[in-house]
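For reference, the chains in residue letters:
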Amino acid sequence: SSGVADATDPSDYANTATGSPSVGVAVKLLGGPSQNTVLTPDGKTQVDYPVSGEEATLTFMAEMVRTAKTDSEGKTELTSGKLSSVATLYLTYE
């Protein structure tokens, strides 16, 4: 997969929402038969799915994750708003 990496955690997809975007959140994309492999925006993560006969079920999960840090005074830059992110998935099959 590929997309825009989050500035705080490059394994997450950045919030690219416009017009009142939320701050301090990103999207984590997971894939694989158990959805336990993090699919990173740099396109370097690969997962394999089992094939049964001529069929394969490809399951994915997206999670909204907190990226905001708490400073020494206990303040956090975390605000509500819109969340949007785009991931491009590349499939290779034989």
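No experiment lies behind these values; they were computed from the predicted model shown.

Enquirer: How should the sheet that holds strand S4 (residues 60–66) be read in this particular structure?
Expert: Consider a sheet: its strands pair through backbone hydrogen bonds, and that pairing is either parallel or antiparallel. The three strands lie next to each other as S3-S2-S4, forming an open sheet whose pairing is antiparallel. Two strands bound the open sheet, and with one partner strand each, they are strand S3 (37–39) and S4. Neighbour to neighbour, the strand axes of the sheet diverge by 40° on average, direction disregarded. Judged from the three bridges that link them, strand S2 (residues 25–31) and S3 form a sheet pairing that is antiparallel. Bridge pairing in S3 places Leu 30 opposite Val 38.

Enquirer: How do you make sense of the layout of surface pockets when you look at a structure like this?
Expert: Taking a probe equal in size to a water molecule and rolling it over the atoms shows the remaining empty space. Space inside the largest pocket adds up to approximately 650 Å³. Every residue lining the largest pocket is counted, 19 residues in all, and those nearest its centre are Val 47, Tyr 49, Leu 91, Thr 92 and Tyr 93. Within the lining of the largest pocket, the residues separate by chemical class into eleven nonpolar, five polar and three charged.

Definitions and cut-offs
- Residues numbered from 1 in each chain as written.
- Predicted model: local features only at pLDDT ≥ 70, side-chain atom pairs only at ≥ 80, totals over all residues.
- Heavy atoms only, no water.
- Pairing = 2+ DSSP bridges.
- Helix = DSSP H or I, 4+ residues; strand = E, 2+ residues; numbered from the N terminus.
- Axes fitted to C-alpha atoms, helices over the stretch in contact; angles between N-to-C directions.
- 1 Å grid on protein atoms, 1.4 Å probe; cavity = no way out; pocket = protein on both sides within 12 Å on 5 of 7 lines; lining within 4 Å.
- Points joined across faces, edges and corners; volume = space filled by probe spheres on them.
- Nonpolar A, V, L, I, M, F, W, Y, C, P; charged D, E, K, R; others polar.

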